[in-house]
Amino acid sequence: MSTATALKSKTGTDVNWQALCTWADLVEFSGVAAWLETETGPAQVALFYIPGYETELFAVDNHDPLGKANVIARGIIGDVKGEPVVASPLYKQHYRLKDGRCVEDDSVKLRTWPVRFDGDQVMVKLSH
Amino acid sequence: MSKQRLIVIGNGMVGHHMVEQLIERNATERFDIIVFGEERHRAYDRVHLSEYFAGRDAQSLAMCDADFYAANGIELRLNEAVTAIDRDASQVISDQGTYSYDRLVLATGSYPFVPPIPGGDRPNCLVYRTLDDLDAIRAAAENANTGVVVGGGLLGLEAANALRGLNLDTAVVEFAPRLMPMQVDTEGGELLREKIEDLGVQVLTGRATQEIVDGETSFHRMVFQDDKVLETDLIVFSAGIRPRDELARDCKLELGERGGIVIDDKCLTSDPAILAIGECALWNNSIFGLVAPGYQMAKVAVDTLTEGETTFRGADMSTKLKLMGVDVGAIGDAHGDRSPSARMFRYLDEIKQEYRKLVVSSDGKKLLGAMLVGDNSYYDTLMQYYSNGLELPADPASLILPSSEGAPTLGPDALPDTASICSCHNVTKGAICAAIDAGAADLAAVKGETKASTGCGGCAALLKSVVDSELEARGVEVDQSICEHFAHTRQELYSIVRVEGIKTFSELIKKHGHGLGCDICKPAVASILASCFNEPITNAAHVPLQDTNDTFMANMQKNGTYSIVPRIPGGEITPDKLLVLGQVGKKYDLYTKITGGQRIDLFGARLEQLPDIWQELIDAGFETGHAYGKSLRTVKSCVGSTWCRYGVQDSVGMAIQLENRYKGLRSPHKIKFAVSGCTRECAEAQSKDVGVIATENGWNLYVCGNGGMRPRHAELLATDLDDETLVKYIDRFLMFYVRTADRLQRTSVWRENLEGGLDYIKDVVINDSLGLAEDLESQMQTVIDNYECEWANAIKDPEKLKRFRSFVNDQRPDPDIIVTEERGQLRPA
Ligand code: SRM
Ligand SMILES: Cc1cc2nc3c(=O)[nH]c(=O)nc-3n(C[C@H](O)[C@H](O)[C@H](O)COP(=O)(O)OP(=O)(O)OC[C@H]3O[C@@H](n4cnc5c(N)ncnc54)[C@H](O)[C@@H]3O)c2cc1C
Ligand code: SF4
Ligand code: FES
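Described in the following lines is the structure provided in the data block. These figures come from a predicted structure and were not determined experimentally.

This part is about the overall build of chain B. Each helix and strand in chain B was counted, giving 25 helices and 38 strands. Taking all 829 residues of chain B together, the buried fraction comes to 54%. Once local pairs closer than 6 in sequence are excluded, the contacts in chain B between residues at least 24 apart make up 61%. Element-wise, carbon and sulfur atoms account for 48% of the exposed surface of chain B, whose accessible area totals about 36,300 Å².

Pasting the structure below:
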């Protein structure tokens with residue numbers, strides 16, 4: 001249960017970093033979804049893993065605001081002019097993995113979270 | 001030089017856009033900037049405000065990151081309203097302090113107008129403009145059963161839809177005799193009313209509310225001019241907007257007669273230290289209640305502040321929208337009341353509920369305006385005629401007749417240089433030609449140079465056609481590279497893969513491309529690899545290349561759930577298997593439908609349910625139907641000689657044989673077959689990629705037919721074939737297509753682009769003119785030999801099944817998948 005993970009990380013050193021899953025849960029060059037407990041309630045996070053790339057891990061909102069469904073983790077990742085992106089599986093808009101911006105529509109943006117490995121754990125930082 | 005102080009009042013969409021422009025032009029080097037926002041949220045996307053009710057939160061509607069202002073050295077003071085401007089002292093005053101300015105920008109937007117009705121200020125009488133308004137509506141709706149929107153304009157209908165979404169019995173009360181009086185006329189309004197009433201929303205037009213008092217059965221009672229009454233728990237006013245000009249009024253800036261802060265072409269107010277932009281500004285006696293003109297003003301204002309030259313020249317108010325799923329479009333003088341001598345054309349289809357109207361100059365040559373209800377697909381072409389002043393065809397009515405009547409389409413060369421291609425960024429065809437002449441050699445370069453198609457994206461197709469045709473006209477070979485990651489066509493990549501024996505995407509991109517790849521090249525390469533080697537697409541190396549449908553071997557539906565189509569070869573199924581499908585559908589509560597391809601689709605499975613469902617289907621002897629793949633779909637059959645009194649061959653038997661032979665073959669696009677038992681053609685084989693029709697002596701083989709968007713009859717390739725030759729020819733035909741077609745090109749389009757046409761295909765397939773026949777056949781045999789049901793393969797591998805978790809750290813299902821019952825089955829709510 002994600003609440004259990006949330007509790008565990010709260011007893012850790014930095015209360016803002018939550019362990020979401022382990023390295024083995026990730027899919028190379030693709031995404032998985034995980035629950036994150038935030039102050040405003042649970043949020044669905046899409047975690048992308050690009051081994052060997054300059055940034056290996058990205059965490060963005062799993063909700064596709066244009067397709068209006070929780071599917072971002074199931075998109076194809078790639079790059080647009082060197083900028084890493086995920087293509088929504090519904091209507092194929094591209095969202096930048098670094099800041100969540102939609103390439104096709106400036107006014108649309110996914111939430112993003114800082115994310116890192118801590119040993120085998122995938123840690124996500126609650127942002128405000 | 002010390003910095004000047006710039007103050008922006010209002011952190012709405014336009015105020016924020018201005019800040020972005022200031023940053024882009026490095027104006028932060030000359031200005032210290034303070035922005036005041038009265039709302040507690042930083043600027044958010046008001047245009048998509050209603051999506052707040054559909055699940056988006058303030059965070060995702062925000063126009064920038066929380067630290068954007070601070071990171072750029074700009075002070076953002078939210079939750080702080082400016083209460084006065086002291087022009088003599090050059091100061092603005094809020095309840096928290098006094099701030100000096102050198103330059104001041106008013107971007108205060110507008111407020112919803114609430115008609116002065118006695119009782120209009122009762123509790124649960126609300127408006128629809130801000131996030132806080134929506135929170136209030138949501139809270140009030142908790143204890144309400146019914147809701148009324150006062151105002152049947154664009155925003156009113158949007159609000160009504162929101163109330164409907166909150167499960168209130170909803171009514172719209174409009175003062176004018178029809179809905180959306182600004183955009184549509186009587187006929188259009190009538191149609192709109194019918195459509196909206198069909199959605200269960202009550203529509204009352206021609207009603208003026210006199211007062212609102214305590215209700216008897218509900219919280220409020222609205223009393224109308226004719227003493228009729230309507231009871232409701234909740235009222236939302238949406239009776240128009242008024243500019244927020246109170247600060248300007250108090251400090252004696254010039255205002256319009258009916259409000260609005262007067263600005264000139266440089267967005268300057270009557271005080272040259274002060275500018276105004278967005279919905280609070282009045283230019284040439286007009287307020288622009290849309291966001292695009294506001295953005296243009298913001299750009300001009302930044303230019304004015306930095307001694308630039310650009311001016312605001314007004315904006316076109318044509319709109320195309322979808323309200324409660326109903327298309328409405330209005331272009332220019334849609335009512336025809338600005339040009340008395342204008343002539344009208346109208347088209348009304350009461351069955352399909354479509355209405356279109358053209359307003360044409362008296363000489364019939366120019367389009368002055370247009371109105372669309374029910375189908376906006378006519379909008380783009382009409383907009384071109386309107387905004388570019390193009391000469392209309394001899395019979396203008398052809399432009400609004402149903403498409404089958406063959407309305408002349410506008411080719412890119414028919415457009416004059418002044419034609420506006422991208423209205424978001426004001427890019428003309430001339431500007432595009434100039435960019436190309438200055439060296440922009442492809443679409444991306446033209447986009448970068450002109451910014452065309454980087455706004456709403458609505459002009460993308462038009463832009464591409466203009467760029468392609470201009471490049472071609474200049475003798476430039478249009479770049480056919482599959483995408484930015486490979487300088488190769490699909491056909492070239494195919495040869496590379498085959499010749500070098502490359503088996504993974506990562507190897508291919510390392511040797512012949514660059515970057516990470518993208519959603520264009522990855523699936524295309526995955527398909528090529530599958531056509532060549534047919535390894536399971538669920539192998540770790542191939543998984544990240546697939547579109548979601550292939551990844552999860554099911555078809556994604558609009559709410560993120562999936563549909564499941566087991567293979568039913570030739571459409572033949574035993575009663576026992578039918579029972580299993582019924583049981584599975586029932587057990588997992590799946591919506592069940594017979595498809596147009598003679599099989600059964602089970603809809604609404606959540607990701608994590610797919611493996612369990614497939615386990616049951618596989619146990620009952622089913623295989624995957626590849627409804628998700630660019631691969632063989634179905635081989636449709638008619639009942640044929642085994643039952644039919646006219647049948648001359650066993651069409652079902654042949655269909656099953658063919659379906660089992662080619663199932664799992666991945667190709668540039670999907671492939672469909674049919675086999676008919678005699679010339680009556682009950683299986684519609686002549687509309688398929690491969691069509692087989694029985695004759696007294698064997699089979700006639702048809703190829704390259706298509707249903708779908710652009711139907712095409714298949715052509716006869718060979719006649720009276722025996723079973724063996726039939727299969728051999730199909731092997732060759734399909735593999736030749738797989739090798740040479742473009743990505744996502746059906747056989748019909750491939751055939752039309754193939755030099756030499758059908759004769760060339762005959763030569764290759766029948767006469768083996770390229771000496772390829774053996775190669776093609778053996779490659780097909782490889783694919784067939786390597787076939788394995790992908791689902792059967794995945795189900796036995798726990799590593800692969802890990803992929804089918806909705807969430808990796810939790811079992812709970814996605815709470816946003818909400819269903820409702822219709823005709824005894826579940827469907828997305
Ligand atoms: C389920 C089904 C409709 C139904 O309820 O009957 C269907 C559903 C879809 N069709 Fe279809 N088509 C279905 C039969 C057809 C047919 C009829 C036929 O096969 O005899 C046609 C016209 C024949 C043809 O293709 O030539 C057809 C022409 C299309 C097209 C247009 C293709 C074209 O070349 O113009 C698309 C869009 C595309 O492929 O790009 C499409 C795309 C789709 C997609 C994949 C759209 C999407 O991306 O979501 C739908 C998803 C299916 C799903 O979620 O399961 N579907 N579609 C039918 C499935 C048949 C099956 O058993 O596999
Ligand atoms: C539900 C809805 C749907 C819409 N749909 C569309 C659409 O489809 N297409 C389209 O083009 N437009 C649409 N609009 C209109 C569009 O949102 C507006 O044109 C746009 O937001 C105007 O931007 P603005 O910055 O001028 O005003 P606003 O976005 O209203 O921003 C003004 C801001 O200034 C603040 N403010 C005012 N006075 C003060 C003060 N004294 N001190 C501090 N702050 C102050 C206000 O609180 C407000 O936050 C829609 C509007 C709504 C409400
Ligand atoms: S195509 Fe011919 S054989 Fe097949 S069902 Fe129709 S009439 Fe009978
Ligand atoms: S018209 Fe909106 S991007 Fe071109």
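Residue and element names in this part refer to chain B. What the four strands build is an open sheet, ordered β28-β29-β31-β30; its pairing is antiparallel. On the outer flanks of this sheet lie β28 (555-556) and β30 (591-594), each paired with one strand and no other. In terms of strand pairing, strand β29 (residues 562-564) meets strand β31 (residues 600-605) through three bridges, oriented antiparallel. Residue Y562 lies in a different strand from β31, and its bridge partner there is A605. Contacting β29 and β31, helix α18 (residues 610-619) crosses the sheet at an angle of about 5° to β29.

At the junction of the two partners, chain B supplies 49 residues and chain A supplies 50 residues. A combined buried area of about 3,900 Å² lies between chain B and chain A, and 50% of that area is made up of carbon and sulfur atoms. The interface formed by chain B and chain A holds six salt bridges in total. As a salt-bridge pair, D25 of chain A and R805 of chain B come within 3.0 Å of each other at their nearest N and O atoms. The tally of links between chain B and chain A comes to 23 residue pairs in polar contact (both at pLDDT 80 or more). Taken together, the elements giving at least two residues each to the side of chain B that touches chain A come down to α2 (58-61), α15 (521-533) and α16 (548-552) of chain B. A breakdown of the residues in the side of chain B that touches chain A according to their chemical character gives 18 nonpolar, 13 polar and 18 charged.

Here is what the cut-offs are and how they apply
- Residues numbered from 1 in each chain as written.
- Chains lettered and ligands numbered in written order.
- Predicted model: local features only at pLDDT ≥ 70, side-chain atom pairs only at ≥ 80, totals over all residues.
- Heavy atoms only, no water.
- Helix = DSSP H or I, 4+ residues; strand = E, 2+ residues; numbered from the N terminus.
- Buried < 20%, exposed > 50% of the residue type's maximum accessible area, 1.4 Å probe, protein only.
- Contact = heavy atoms within 4.5 Å.
- Areas by Shrake-Rupley, 256 points an atom, 1.4 Å probe, with all protein chains shown as cover.
- Pairing = 2+ DSSP bridges.
- Axes fitted to C-alpha atoms, helices over the stretch in contact; angles between N-to-C directions.
- Buried area = accessible area lost by both parts, 1.4 Å probe.
- Salt bridge = Lys/Arg side-chain N within 4 Å of Asp/Glu carboxyl O.
- Polar contact = N/O pair within 3.5 Å; in protein donor to acceptor, adjacent residues only side chain to side chain.
- Nonpolar A, V, L, I, M, F, W, Y, C, P; charged D, E, K, R; others polar.

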